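Residue-level listing of the chains:
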Amino acid sequence: FTPSTSAFGAPGSGGVCTPNASSCLGSLAGTCNSAGTGLVSATTCGAGNSCSAGACLPQICTPSATYCDGNTVKLCDATGLAPTLVSTCSASQYCDTAQCKTQVCSPSASVCVANAPATCNAIGSGYSVLGSDCGAGKTCSGGACLTQVCGDGVVEGTEACDDGNTSGSDACAVDCSAQTPLADIVLPVLAQTRVVDMNQDGVLDVVGITSSLAKHYSGTPGSWTQKWTETGGSTVNLDLADCNADGNLDLVLAHIDSPSGGYSGFGSMHQWTGSTVATTASWKESGYSIWNANSTAGDVNGDGYADIILHAQGMAPTNTTSQLWLGGASGPQFALNNFGKTEHAAIGDVDGDGQAEVLVCGVDYCGSGGCGGGTQARLLKYNKSTKVFDVLWTAPSSGGTAGDDQVCRLADFNGDGKLDAAMVSFKTSARGLRVYLNTGSALDLNPAVTIAGVLSSDMRCGDANYDGLADCAVNSANAVLYQSSMSGSYNLTATTTWNTAAVSQLGPIGGAPGYSVVLSGVMRSVKSVVCAPKAATCLGNLAGTCNTQGTGLVAATNCTTTSQTCSAGTCK
């Protein structure tokens, strides 16, 4: 073989390949001669082939092109023989035209497109089979046409809601065609009423105060049975918390022995036992008498036992301050009383570290000349090393004096999953009602909302309309509901007034879907829903997760078919 100038260069001009080695010269493959000036014999690698190590090999990709290889993007080299990885598509993507694209359906799954059954293709880019619309009276679910059934707990086809029954006296019409307003449920007439399931048995409990006596009722809406009445009286306020870490809520009471004078008061706690609270208090404060008009319970040191704050409000003598009693296996033990006079407190994990903080506030009822002054709202954290409260945040005093904030509450007002603070003034119109949003580790120093002119000594906060944003009901001559909204920024607006009423509980009431307000002897609905959106739910004996609209379950399991009972959204 004689080298040609076009293929190998002029003879004698220098080596073009390694002598006697298998070599490639362009698209020619062969063995180099002993002089290194050309090939002894040559084979032309035709279209779709490239030379590698003196042999013609078929190309595995288009030279220099980017392409899809399964669920990866690769770049082909100039020979078409050696691709390199550019990227790998995620589990929810597929590769198309050298790009990772989001799947439109779950690969190979039976799905629904509008109201028609379909089968997703193998990569999730579209549908390999698309059927016809299921038609009137049927709905597509899981890739199959099913007969629409009102009362099965799942919203299907043209249904507006489905609460698992065909009764017309609840939040969903008898034919599931529309959500219907919920009527008020009459409660025993009590002050400071709370409606909860204290021992997680699926039966609602009602606790409150009448004639200075705490009382407990249980039962079903409209049929309440009195289970317990306190003896001794002088009770003015209550809270609920698990003080002995047994999974049941216990009753924490605040007492004033001489409301007309003497400044004598104490706290007590009745543990849950059997089917009600214990007749005898398992703990009663002694030796630290204060004017205790309020008590707050919650775990402030992260040991699993609820702790108790007894509030010595601004009316108390100058030598008394609020107290912290730490819960434990042997009952609450006195811990400290160096954080001033407080009227109210709220307990919750504001900074997200797993240990709750305490937001305290109070009012100087007697003025600067007596009673020792109130307490400026502060966010406190119990220091487990030094055994005192550290101050994390102090409410600005602009627009009023240090002790003007009567009530403070913690809740998620803007729906970001973090606890924010709301407080209302008792004395200064300019301070009014304010919401301080969470900055991530504490509370903003500037309120997101200030509604001047709102004065009150009582306020409850929680999600009244099931939209994921906490609202507040402020009690004064009437109860006024202020609802939160997010439209670019946070806002709070008065929406409802309940005449001559006092709200004692605000927020979704477990065991009573759609109800979120307890006031003046009734349980009331602000927005009619079948279940709490996105929550594990029981609709009768149907178990599942509530949909995002609160109109029914995403999917329902009938616990009756397995001789089980639905509890907390699960068949047990």
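Small disclaimer: the values here were computed from a predicted structure and weren't measured.

A word on the overall build of the chain. A count of helices and strands for the chain gives one helix and 50 strands. Taking 2.2 N^0.38 as the reference for a compact globule, 572 residues should give roughly 25 Å; the C-alpha atoms of the chain span a radius of gyration of 36 Å, well beyond that estimate. Projecting the C-alpha coordinates of the chain onto the three principal axes gives extents of approximately 125 × 60 × 45 Å. Counting the 572 residues in the chain, one finds 47% classified as buried. Sequence separation of at least 24 residues holds for 39% of the intrachain contacts in the chain that already meet a minimum separation of 6. Total accessible area on the chain stands at roughly 24,400 Å², and carbon and sulfur atoms take up 51% of it. Between the centroid of the 22 positive side chains of the chain and the centroid of its 42 negative side chains there is a distance of 5 Å.

Moving on to the environment of Ala356. The residue Ala356 is located in the loop between β31 (344-348) and β32 (357-361) in this model. In this structure Ala356 comes out as buried when scored by relative accessible area, which is 12%. On a C-alpha basis, the gap between Ala356 and Thr180 in space is 39 Å, while along the polypeptide they are 176 residues apart. Setting aside residues up to four positions removed in sequence, Ala356 forms contacts with Asp299, Val300, Ile347, Gly348 and Asp349.

Our focus in this paragraph is the state of the cysteines. Tallied over the full model, the rule gives 16 disulfides. Paired through a disulfide, Cys112 and Cys140 show a sulfur-sulfur distance of 2.0 Å. An S-S torsion of about -85° defines the bridge between Cys112 and Cys140 as left-handed. Pair noted here: Cys112 is in strand β11 (residues 110-113) and Cys140 is in strand β14 (residues 138-141), with a separation of 28 residues, a long-range link. The class for Cys112 is partly exposed, based on a relative accessible area of 28%. For Cys140, a relative accessible area of 12% corresponds to the buried category. The side chain of Cys150 participates in a disulfide bridge whose partner is Cys176; the two sulfur atoms lie 2.0 Å from each other. Around the S-S axis, the bridge from Cys150 to Cys176 shows a dihedral of about 80° and counts as right-handed. In this pair, Cys150 sits in the loop between β15 (144-147) and β16 (185-186) while Cys176 sits in the loop between β15 and β16, placing the two residues 26 residues apart along the sequence.

What follows concerns the side chain of Glu159. Topologically, Glu159 is positioned in the loop between β15 and β16. Since its relative accessible area comes to 7%, Glu159 is described here as buried. A distance of 3.3 Å separates the side chain of Glu159 from the backbone nitrogen of Cys150, its partner in a polar contact. Once you skip the residues sitting within four places of it in the chain, Glu159 turns out to touch Gln148, Val149, Cys150, Val154 and Cys176.

Attention shifts here to unusual backbone geometry. Unusually for a residue other than glycine, Ser108 sits at a positive phi of about 65°. Tracing the backbone shows Ser108 in the loop between β10 (99-102) and β11. Of note, the phi angle at Ala245 is positive, near 55°, even though the residue is not glycine. What makes Ala245 partly exposed here is its relative accessible area of 41%.

Take the sheet that holds β31 next. On the basis of which strands lie adjacent, the open sheet formed by four strands has the order β31-β32-β33-β34 and antiparallel pairing. Taken across any chain shown, the strands that pair with only one partner, and hence form the sheet edges, are β31 and β34 (388-394). The average angle at which neighbouring strand axes cross in this sheet is 30°, direction not considered. In this sheet, β32 lies alongside β31 in antiparallel orientation, the contact comprising five bridges. Across the sheet, His344 pairs through a bridge with Cys361, a residue of β32.

Within the open sheet, the four strands sit side by side as β16-β45-β44-β43. Their pairing is antiparallel. Where the open sheet ends on each side, the last strands, each with one partner, are β16 and β43 (503-506). Both β16 and strand β45 (residues 522-524) contribute to a ladder of two bridges, which runs antiparallel. Bridge pairing links Ile185 to Met523 in β45.

Across the chain, the average pLDDT comes to 86, with 90% of residues at 70 or higher. Confidence drops under a pLDDT of 50 for residues 1-13, and excluding neighbours within four residues, the segment shows 16 contacts in the predicted structure. Contacts from residues 364-373, a stretch scored under 50 in pLDDT, to residues over four places away or in other chains number 26 contacts.

With that settled, consider the pattern of salt bridges. Applying the stated criterion across every chain yields a total of eight salt bridges. Of the charged contacts in the structure, one is a salt bridge between Asp351 and Lys381, with a shortest N-O distance of 3.2 Å. Taken together, the residues Asp351 in the loop between β31 and β32 and Lys381 in strand β33 (residues 378-383) connect sequence positions 30 residues apart. If you follow the salt bridges from partner to partner, you end up with Asp351, Asp353, Glu357 and Lys381 in one network.

This part takes up the nonpolar core. Core analysis: the largest hydrophobic core is formed by 24 residues, its most contacted members being Val195 and Met523. When near neighbours in sequence (up to four residues on either side) are disregarded, Met523 contacts Ala183, Asp184, Ile185, Leu187, Val195, Ile509, Ala512, Tyr515, Val517 and Val518. Ranked by size, the runner-up nonpolar core spans 20 residues in total, among them Val407, Ala411, Ile451 and Met459.

There is a patch of nonpolar side chains on the surface, built from Val104, Tyr127 and Leu130 and spanning about 290 Å² of accessible area. Tracing the backbone shows Val104 in the loop between β10 and β11. What makes Val104 partly exposed here is its relative accessible area of 48%.

Let us look at the pairing of strand β46 (residues 536-539). Consecutive residues of a regular strand have side chains that alternate between opposite faces of the sheet. Burial of the side chains of β46 is restricted to one face: Thr537 and Leu539 are buried, whereas none of Ala536 and Cys538 on the reverse face is. In the sheet, β46 pairs with strand β47 (residues 542-545) via four bridges, with the strands oriented antiparallel. In the sheet register, Cys538 faces β47, and the bridge partner there is Ala543. In this structure, the hairpin formed by β46 and β47 is closed by a connection of two residues, where Gly540 is found at a positive phi of approximately 65°.

Reading the values: the criteria
- Residues numbered from 1 in each chain as written.
- Predicted model: local features only at pLDDT ≥ 70, side-chain atom pairs only at ≥ 80, totals over all residues.
- Heavy atoms only, no water.
- Helix = DSSP H or I, 4+ residues; strand = E, 2+ residues; numbered from the N terminus.
- Rg over C-alpha atoms; globule rule 2.2 N^0.38 Å.
- Buried < 20%, exposed > 50% of the residue type's maximum accessible area, 1.4 Å probe, protein only.
- Contact = heavy atoms within 4.5 Å.
- Areas by Shrake-Rupley, 256 points an atom, 1.4 Å probe, with all protein chains shown as cover.
- Lys, Arg positive; Asp, Glu negative; His and termini not counted.
- Charge placed at Lys NZ, Arg CZ, Asp CG, Glu CD.
- Disulfide = S-S within 2.5 Å.
- Polar contact = N/O pair within 3.5 Å; in protein donor to acceptor, adjacent residues only side chain to side chain.
- Pairing = 2+ DSSP bridges.
- Axes fitted to C-alpha atoms, helices over the stretch in contact; angles between N-to-C directions.
- pLDDT = per-residue confidence, 0-100.
- Salt bridge = Lys/Arg side-chain N within 4 Å of Asp/Glu carboxyl O.
- Core = buried A, V, L, I, M, F, W, Y, C linked by side-chain atoms within 4.5 Å.
- Patch = residues over 30% accessible without salt bridge, like charges linked within 9 Å, V, L, I, M, F, W, Y side chains within 5 Å.

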